[in-house]
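# A look at the structure
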Amino acid sequence: MAAIGSMTASANGWAMKRGFGPVAILFWILLALLPMLELVTDDPSFDYYMFMGQSMLIYAIAVLGLNLLIGFNGQISLGHSAFFALGAYTAAIMMTFAGWPFWATLPIAAAVCFGAGFLFGFPALKLEGHYLALATFTLAIAVPQLLKYKPIAPWTGGVGGVLLEKPEPPEWLGLSVDQYLYYLCLIVAMLMFWLVFNLLRSRSGLAMMAIRDHTMAAGTMGVDTSMYKTVTFGISAAITGVAGSLSAITIAYVAPDSFTLQLAISFLVGLVVGGLASLPGCLIGGAFIVLVQNSAQSISDWMKTSFALRYDVPAWAIYGVLLLLLMYVMPTGVMGGITVLRHKIAGRRSTRVNAPSPTVVRPGKTAGETTPAA
Amino acid sequence: MQINRRTALLGAAAIGVAGTRHARAAKNYGPGVTDTEIKIGQTMPYSGNASAYGVAGRTQAAFFRMINDQGGINGRKINFISLDDGYSPPKTVELTRQLVERDQVLLMFYSLGTQTNTAIHKYMNQKKVPQLFVATGASKWGNPKAYPWTMGWSPDYHTEGAIHARAILEAVPDAKIGILRQNDDMGNDYLDGIKEGLGADGWKRVVADATYEVTDPTVDSQILQLRNAGVNAFLNVSTPKFAAQAIKKAAEIGWKPKHHLMSVSASVGAVLRPAGFENAQGIVTAQYAKDVSDPAWANAPDYKEWKAFMDKWNPTINPFEGSSVTGYASAVTLVHVLTQCGDDLTRENVMKQAASMHQLAIPMLLPGIKLNTSPTDYYPIQSVQLARFETDHWVLFGELQSRDVA
Amino acid sequence: MDFFVQQIAAGLTSGAIYACVALGLVMIYVSTDHINFAQGEMAMFATYLAWAMIDAGLPYWIAFGLTVAVAFAGGLFIQRVVLKPLENAPVLALVVCFIALLSIFNALAGMIWSYTIKQFPSPFPARDVFGNGLVSVQQLGVVAVTLVMLGLLTVFFRYTTLGLAMRAAAQNATSARLMGVRVSWMLALGWGLAAAIGAIAGMLVAPIVFLDPNMMTGILVYGFAGALVGGIGNPLGAVAGGFIVGVLENLVGSYVIGNELKLTFALIVVVGVLLLKPAGIFGRVIVKRV
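Residues take numbers from 1 onward in each chain, read along the sequence in its written order. Working convention: letters from A go to chains and numbers from 1 go to ligands, in the order in which they are written. Given that this is a predicted model, residues contribute local features only at a pLDDT of at least 70 and side-chain atom pairs are listed and counted only at 80 or more, while totals for whole chains, interfaces and linings are drawn from all residues.

Interfaces are often described in size by the accessible area the parts lose on coming together. All names here are of chain B. Per the domain assignment, the segments of chain B are domain 1 (2-155 + 294-375) and domain 2 (157-287 + 386-402). Relative to domain 2, the C-alpha centre of domain 1 lies at a distance of 29 Å. Throughout, a residue-residue contact means that the two C-beta atoms, derived from backbone geometry, are no farther apart than 7 Å. Taken together, the contact pairs 17 residues of domain 1 with 17 residues of domain 2. Basically, the charged four are Asp, Glu, Lys and Arg, the nonpolar ten are Ala, Val, Leu, Ile, Met, Phe, Trp, Tyr, Cys and Pro, and anything else, Gly included, counts as polar. Looking at side-chain class alone, the side of domain 1 that touches domain 2 contains seven nonpolar, eight polar and two charged residues. The split into domains, and so the bounds of each, comes from an automatic or database assignment of domains.

Below, the structure is given as structure tokens:
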């Protein structure tokens, strides 16, 4: 989809330049300090907020995986819920039948999902745009049905799913379960973002983006486009799979109904809302997925009470309207919107400030196509 | 007579009176309770594939509005927070934690779905929060030893499946049995019950077991498979939309087996009317609640009370949609439990009262069906009665049946 | 053998439904170059409007005509008002808007008409054609209407100036504009026609699957698959694709793999076909010029 390339161009610059700059490091430190707020608040629902934090981080990782594929490599997927499910079930099965500790399941889930994603990458090579959308869509629909399939029910628990034990934090840490799990999610998230950030800065990352921007040109430049596309599919699936296994650990239950097409769509919405080809955008997308539905519900309740309506205004209609408005204001997502805003401000000042950008312009790249730099 | 008096007592007007008996006890409040309010939480699929069941939640909300308007329970208003989980277990976990930890509800009431309730089963019991009257027929909810904070309400699918199976063996001596079922927990639970009811010999008579997915557009293909297998006794374990399709399709292709329809889809308004009454003649179901389209109940006091409630407080819901009756009856049960608690509104006492219902009659349940619970019996309703569809309503026949009896 | 023929017949009926939905998808694709995920929900909503009119006492055909007209106007409105600000937005932003529309229509229908299924009248009697339960008049009717729509659309796109202009606008907006085609209005027209086709599809489907707000969600998946397997740019291909998917799914469910995985299996076959024929069975490979 060539159009994806044009969509990302604007979001690209800011995100990649600032990726792990001081702002980003400060932000991650802030996230790490959040559980410490417990010392200064006596809110009884603190653990609940920690749980929300876990969910946001998990969805952020899932969106990151999808972003790598769509935003940075230009392949579309409507089926990442399948890899999320695969990761979740891998963790659940390892913990239940092999008695593995929860943390050890994460690399296994990543490996399994990488394999699945890599293999799926081959047929994906032949398909483009809408056709790839359909193929991945198939994946999203097939997985819940496969999970219910009788012959494998002894492992997957069939329609009933698998119940898990929540991990207990070691006593010397002095953390509640939810704080502990929050840190687990945070550490994994930081690791994933750091890995992706470095990947994108590497030669391989450049090749991935070159394929997105112009596959044929990348090919003539000597990039093995097929290899890169399939491997990217694999890495993308692995990251989303890790998010899935984290979700299995924090929810302590996996079931086919948890991994419907709706989940895949919410990843896509989170991605577009956050901003394509933007790493901070993934975090925004993750938070959006968790918060928007509750906000829509609150708006619905507020409308009902303040206008004394006889009907409930359905929350999903409000959700739809919110999405539409968001796309009007920021068609390239929140991070894209910020970039546009920065350009406007910078444009006004451009007569004074005309310092060279810190972007490393490498041979073979025009100034418009930004290359990530630290 | 006994029934009517108990029924009247449970009528909203009498609730305040009943409560005064307990007013002497010292006040003792759990989370979510004040002198003026009791907070109750619920998750319900108002969106997604199971959204038809949302009627129950809306009816309950309306019922509690009525109770509040009449003075509440022992002077306390019910603050009922019912949230949409879209039938997705992770969402249920999130919303339940929000209700329990942030909103501090006293208890969760009639949350709907098997997977969704399974997802919070452990959590509720670790937190010691009542997970009362869950709206699913899985048989695992009545396990007070392992899960003392979880209680079901309706008869479980397993029991009902077994009763249907036995009825079919009796009615069709040379039965060739075919099953149509949704590929989910409900379908599985019914299947287990059917297996138990048929016994090893009876099970050999099952010639076809066709499943469908909730995302399938139609079950036409499955119906053809069943007919082709020579089925003459049809156990229809499907949800309302698919049940209606099955009834209509069977009539269209002129297939007339002995047709047993599970109670989840036995609503006259939501299933049989759309499917066409002429296609539904002679279908058998099992009931525990009154069929509101049956003229036999038109003069029953509980029917009149229910109808008055629906007209005044719940006018946006079509009264003939099945879950408005079960939603109503379960809400009455909860009001009974809370009234019994008096001023001792702790979570412990709620469970204690819920587990000490004795021969309790609830409006809109069939005559003779009484709710019984004890600290070792967490299945409030265990009896059903078979009914046959004639002209435009269900006609009861035979005796009340329960798993124990059978 | 009887059973085989019956399953084929049942498959063709479902196939006709998928084909109808696929036609709507093709309509929007041909005229705007997008796949509209809200197509199914728009059709569902229009069908509810028809139901409300019939419920209020209007005769079937008048309600039918009014609904098609209202749907056409609604489609125009959506393109001119709701999507207009996004004419230059990236593809994925539009996809998100389609998802938003899907949500809104579904939730509104649920609010207004509740989630309980409703019976929708059919213009065709449910009577058997041969008296052996093989094919009903209803089934034949659905297939016939689908084929008629296909014929009209083919003529429209091949031989009328307007149809050609619409295709031109979608394929190369700039050139079309230079030729004097009012591109923006062509897009709107495409939406209007797609909504109208959707409404007809909805009214054909509803008597068979029963009307409820989630009526089209399952069907859209099949319609999507049908449209793509036949070739998304081609009405004939879309209809053929819809029939292929319908028959394939029934045969697979009855003979090969059982009902649990029939959709999965059918979709895998579709993807397999696409691997061999990446532009669909009837699609033409568009050579990209660099």
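Anyway, onward from the coordinates.
A few words now on the interface of chain A and chain B. Taken together, the contact between chain A and chain B spans 24 residues of the former and 23 residues of the latter. When contributions to the side of chain A that touches chain B are tallied by element, the ones reaching two or more residues are α3 (46-73), α6 (129-148), α11 (225-251) and α14 (315-329) of chain A. A run of DSSP states H or I qualifies as a helix once it reaches four residues; a run of E qualifies as a strand once it reaches two. Both are numbered from the N-terminal end. The biggest single contributor to the side of chain A that touches chain B is α3 of chain A, with four residues. Looking at the side of chain A that touches chain B residue by residue, the classes come out as twelve nonpolar, eight polar and four charged.

Residue and element names in this part refer to chain B. Following DSSP output, two strands are said to pair if at least two bridges run between them. The five strands are arranged β3-β2-β4-β5-β6 in an open sheet whose pairing can be described as parallel. If you trace the sheet from one side to the other, it starts and ends with β3 (77-84) and β6 (150-152), each paired once. Across the sheet, the axes of successive neighbouring strands diverge by a mean angle of 20 degrees, strand direction being ignored. Both strand β5 (residues 131-134) and β6 contribute to a ladder of two bridges, which runs parallel. Where helices are involved, their axes are fitted lines through C-alpha atoms of the stretch in contact, as for all axes, and angles between N-to-C directions lie from 0 to 180°.

So, about the nonpolar core. As used throughout, a nonpolar core is a set of buried Ala, Val, Leu, Ile, Met, Phe, Trp, Tyr and Cys residues joined through C-beta atoms within 7 Å of each other. Exposed residues have 12 or fewer other C-beta atoms within 10 Å of their own C-beta, buried residues have 20 or more, and residues in between are partly exposed; the C-beta atoms are placed from the backbone. The biggest cluster of nonpolar side chains holds 363 residues, and the ones touching the most others in it are I61 and V242 of chain A together with L23 and V96 of chain C. The element contributing the most residues to this core is helix α8 (residues 183-209) of chain C, with 20 residues. Excluding its chain neighbours within four sequence positions, the residues that come into contact with L23 of chain C are M149, L150, L153, I197, P235, A238 and V239 of chain C.

Residue and element names in this part refer to chain B. Mean pLDDT over chain B: 89, with 93% of residues reaching 70 or higher. pLDDT under 50 marks residues 1-24. Its contacts with residues more than four places away, or in other chains, come to 35 contacts. Interface confidence for the predicted complex, expressed as ipTM, amounts to 0.88; the pTM equals 0.89. Values of pLDDT, which run from 0 to 100, indicate the predictor's confidence residue by residue.

The subject of this paragraph is the pairing of strand β2 (residues 37-44) of chain B. All names here are of chain B. The buried count for β2 comes to seven of eight residues, which makes it a mostly enclosed element. The pairing of β2 with β3 spans eight bridges and is parallel. The residue of β3 that forms the bridge with I38 is I78. Of the crossover connections in this fold, the one passing from β2 over helix α3 (residues 54-69) to the parallel β3 is right-handed. In this sheet, strand β4 (residues 107-109) lies alongside β2 in parallel orientation, the contact comprising two bridges. Paired with G41 across the bridge in β4 is M108. Handedness is read with the strands pointing away from the viewer; a crossover is right-handed when the path from the first strand over the helix to the second is clockwise.

Right, let's talk about helix α2 (residues 22-33) of chain A for a bit. Helix span, expected: 1.5 Å multiplied by one less than the number of residues in the helix. Here α2 of chain A is twelve residues long and its end C-alpha atoms lie 16 Å apart, about the 16 Å a rise of 1.5 Å per residue gives. Burial analysis of α2 of chain A places just zero of its twelve residues in the buried class, which makes it a mostly uncovered element.

Time to look at the interface of chain C and chain A. Listed per partner, the contact involves 37 residues of chain C and 37 residues of chain A. For the side of chain C that touches chain A, the secondary-structure elements that each account for two or more residues are α4 (91-113), α9 (215-230) and α11 (262-276) of chain C. The biggest single contributor to the side of chain C that touches chain A is α4 of chain C, with 15 residues. In terms of residue class, the side of chain C that touches chain A is made up of 32 nonpolar, four polar and one charged.

Right, let's talk about the pairing of strand β13 (residues 383-390) of chain B for a bit. All names here are of chain B. Of all the eight residues making up β13, six are buried; the element is thus mostly covered by neighbouring parts of the structure. Sheet analysis places strand β11 (residues 284-287) next to β13, joined by four bridges and oriented antiparallel. Each residue of the ladder has a partner; that of V284, found in β13, is R388. Looking at chain direction, β13 and strand β14 (residues 393-402) are connected through seven bridges and run antiparallel. Across the sheet, the residue bridging to Q385 is L400, located in β14.

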